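# Structural description and commentary
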There are 2 protein chains.
Amino acid sequence: MTTPPPGLRERKKQATREALRAAALRLAVERGPDRVRVEDIAEAAGVSPRTYNNYFASREQAIVSALTADREARIAAAVAARPAGVRLADAVTEAVVEQYTNTGAPDHRVLPLITTRPALRDAFLDTTAGIEAPLAEVIAERLGDVGEDTARVLAAGVTAAVRIALEGWLRPAGGAGAGEAGSAESSAGGGLVVPSGSLPGRLRAALAPLAPAFDAAERNARPREGPAGVPVERTRPSGGRPR
Amino acid sequence: MTTPPPGLRERKKQATREALRAAALRLAVERGPDRVRVEDIAEAAGVSPRTYNNYFASREQAIVSALTADREARIAAAVAARPAGVRLADAVTEAVVEQYTNTGAPDHRVLPLITTRPALRDAFLDTTAGIEAPLAEVIAERLGDVGEDTARVLAAGVTAAVRIALEGWLRPAGGAGAGEAGSAESSAGGGLVVPSGSLPGRLRAALAPLAPAFDAAERNARPREGPAGVPVERTRPSGGRPR
DNA sequence: CAGCAAACATGCGTGCACGCAAGTTTGCGT
DNA sequence: ACGCAAACTTGCGTGCACGCATGTTTGCTG
């Protein structure tokens, strides 16, 4: 199930996709991202403008995809890779943190560029939605099929938490979708809030509140044993939440 | 903070918004929703097409907004209205269910119409994102200011759960004419799965997995008392999760 | 009441997303 | 090798979102 012969057609397709990615990123860095039209990207990649939209639904997606690439699959794999004994919440948290720590930016000019422009910022945030389905799958895997719906909700929760963490991380600007709350904001200097600043810190902080939900789901959906019939040794399925 | 004199300008603005809503809905029902252009809506409302986009960012928003109206504020208010003693998870769940049970569709031809067309369906689902900010605010209210970030995450989790519930709810919807909601019922007893079919059922099922997270947040963020200094009597902040 | 500044409606122009209907390439069975 | 069907690319046309500049309305203040 790993594409024994990748097939010529599929390879060309991926090549085109990659070419568009590269072209979009390069042009966006060279000129401003606002000075790049779809037509330019397509031309640089050697395809027609119309074809561009067969690969990317929006102008920003190509640029952002250079950063996100196949992060979805990576996160799912990272979760699946954790030994079955660890707390699900921990497995997911670490997998997410791991995949977001190295932003995968080849050029250090890229990140400031994305965080600056609102359109790119939004497109970047939208990519987090992509991790939901794979996550739901691996979570359901661990929860057993009885928790399929629960897995979906938990995965969605994780996705939402990640989105919030990212929003906070690249803050100095804000607002997406509908109206922004904004009014009664935390001007009060309560220091015990998030120690944040670093992305990993924010991610952990955002995911922490969901841990009890994972524990509960895990607890009441699988009082079973490990893959070899060995009773699983758990690392604290419950208890006070960390940090 | 309730606009003592609403102001003439603001009234006109709301009137225009309402006119656009009504026109969009009416035209969408009369002809198919695909046979309505922004230009038509604008004309029917007596404004220019350009003005339409000053009120709604997309063509579908106007149609859908007839259903969603001010649901965001209603949910927040509903949560705030619950007595302080009840479990936060219950308060939120009930508030959400309450606001989504009466879909607020004046015309029964409207719902089938929205559930059918993918574009409208997506636009409708997008509106759920709007409840996040108000929800976060009221949740933060109950959690105390120390849980502000937690509140955001929980609110986002609720939003995601609602979205999933809605997706599942209007999945079996299809066909041109008849759109009967809530028919396929729970299979027999093997499953503790969801008995779903009805929207309220799906909402509760989707929100249930998050309850432990609410409990934990509530537990460790506010060992305090009620608004009048009276120790709050809680309805089981912890314990096995219901249903 | 006069006048000014902000908010708003509107026209115009640009770039974009996407359906549709060809033309072209790839994969596969015979 | 051959040829067909599906997949892909491409040009074209339509409707849409939105920035910008301008004329008009509203609300406020001296």
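Quick caveat: nothing in here was measured; it's all calculated off a predicted structure.

A separate point is the overall build of chain A. When its secondary structure is counted, chain A shows 12 helices and zero strands. Put simply, chain A runs from its N terminus to its C terminus through helices and strands in the order α-α-α-α-α-α-α-α-α-α-α-α. For chain A, the residues scored as buried account for 39% of the 243 residues in total. When the accessible area of chain A is evaluated, it comes to approximately 13,100 Å², of which 52% is carbon and sulfur surface.

Another aspect to go through is the protein's contact with DNA strand D. Neighbouring DNA strand D are 20 residues, the closest being Thr51(A), Tyr55(A), Leu8(B), Arg9(B) and Arg50(B). Each atom of DNA strand D within 4 Å of the protein was assigned to sugar, phosphate or base; sugar and phosphate come to 65%. A distance of 2.5 Å is found between a phosphate oxygen of DNA strand D and a backbone nitrogen or oxygen belonging to Arg9(B). One nitrogen or oxygen atom from the side chain of Lys12(B) is found 2.8 Å from a phosphate oxygen belonging to DNA strand D. Listed by contribution, the elements that provide at least two residues to the surface near DNA strand D are α1 (8–30) and α3 (49–55) of chain A together with α1 (8–30) and α3 (49–55) of chain B. Looking at the surface near DNA strand D element by element, the count peaks at four residues for α3(A). Its residues assigned to classes, the surface near DNA strand D shows six nonpolar, six polar and eight charged.

Within the structure, DNA strand C sits among 20 residues, and Leu8(A), Arg9(A), Lys12(A), Arg50(A) and Tyr55(B) are positioned closest to it. Protein-proximal atoms of DNA strand C, defined as those within 4 Å of the protein, fall in sugar or phosphate at a share of 65%. Arg9(A) has a polar backbone atom sitting 2.5 Å from a phosphate oxygen of DNA strand C. Here a phosphate oxygen of DNA strand C and a side-chain polar atom of Lys13(B) are 3.0 Å apart. Of all the secondary structure elements, the ones that give two or more residues to the surface near DNA strand C are α1 and α3 of chain A together with α1 and α3 of chain B. Top element by residues in the surface near DNA strand C is α3(B). It accounts for four residues. In terms of residue class, the surface near DNA strand C is built from six nonpolar, six polar and eight charged.

This part is about the packing of helix α4 (residues 59–68) of chain B against helix α8 (residues 118–127) of chain B. All names here are of chain B. In the contact formed by α4 and α8, the axes pass within 9 Å of each other and the chain directions differ by 55 degrees. On the basis of their axis angle, the class for α4 and α8 is oblique. You can see that α4 and α8 cross each other, and the crossing is right-handed. On α8, the residues that touch Glu60, Ile63, Val64, Leu67 and Thr68 of α4 are Ala119, Leu120, Ala123, Phe124 and Thr127. Considered class by class, the residues forming the contact of α4 with α8 number seven nonpolar, two polar and one charged.

Glancing now at the environment of Glu137(A). Along the polypeptide, Glu137(A) turns up in helix α9 (residues 132–143). Judged by its relative accessible area of 60%, Glu137(A) falls in the exposed class.

Residue and element names in this part refer to chain A. Put simply, α1 and helix α4 (residues 59–68) touch, their axes get as near as 8 Å, and they point 100 degrees apart. Looking at the two axes, α1 sits roughly perpendicular to α4. The segment α1 lies against α4, with Leu20, Arg21, Ala24, Leu25 and Ala28 engaging Ala62, Ile63, Ser65 and Ala66. Here the contact of α1 with α4 is built from residues that sort into seven nonpolar, one polar and one charged.

Of all the residues in helix α8 (residues 118–127) of chain A, the buried ones are Leu120(A), Arg121(A), Ala123(A), Phe124(A) and Leu125(A). Against α4, α5 (71–81), α7 (110–116) and α10 (148–169) of chain A lie the buried residues of α8(A).

Residues and elements named next belong to chain A. A surface patch of negative charge is lined by Glu137, Glu141, Asp145, Glu148 and Asp149. At the level of elements, α9 and α10 are the ones that each hand at least two residues to the negative patch. Of note, Glu148 is situated in helix α10.

This part takes up the confidence of the model for chain A. The predicted coordinates ought not to be read in detail in places where the model reports low pLDDT. Residues and elements named next belong to chain A. This prediction gives chain A a mean pLDDT of 81; 77% of its residues lie at or above 70. Ignoring residues within four places in sequence, the model shows residues 173–194, a span with pLDDT below 50, making 15 contacts including any to other chains. Considering only residues more than four positions removed or in separate chains, one finds that residues 237–243, a stretch of pLDDT under 50, has 10 contacts.

Here α10(A) spans 31 Å end to end across 22 residues, near enough to the 32 Å set by a 1.5 Å rise per residue. With 16 of 22 residues buried, α10(A) is to be regarded as a mostly interior element.

So, how was this worked out
- Residues numbered from 1 in each chain as written.
- Chains lettered and ligands numbered in written order.
- Predicted model: local features only at pLDDT ≥ 70, side-chain atom pairs only at ≥ 80, totals over all residues.
- Heavy atoms only, no water.
- Helix = DSSP H or I, 4+ residues; strand = E, 2+ residues; numbered from the N terminus.
- Buried < 20%, exposed > 50% of the residue type's maximum accessible area, 1.4 Å probe, protein only.
- Areas by Shrake-Rupley, 256 points an atom, 1.4 Å probe, with all protein chains shown as cover.
- Near = heavy atom within 4 Å.
- Polar contact = N/O pair within 3.5 Å; in protein donor to acceptor, adjacent residues only side chain to side chain.
- Nonpolar A, V, L, I, M, F, W, Y, C, P; charged D, E, K, R; others polar.
- Axes fitted to C-alpha atoms, helices over the stretch in contact; angles between N-to-C directions.
- Parallel < 35°, antiparallel > 145°, perpendicular 65-115°, else oblique.
- Left-handed = near helix turned anticlockwise from the far one by under 90°.
- Contact = heavy atoms within 4.5 Å.
- Patch = residues over 30% accessible without salt bridge, like charges linked within 9 Å, V, L, I, M, F, W, Y side chains within 5 Å.
- Salt bridge = Lys/Arg side-chain N within 4 Å of Asp/Glu carboxyl O.
- Lys, Arg positive; Asp, Glu negative; His and termini not counted.
- Charge placed at Lys NZ, Arg CZ, Asp CG, Glu CD.
- pLDDT = per-residue confidence, 0-100.
- Expected span 1.5 Å × (residues − 1).

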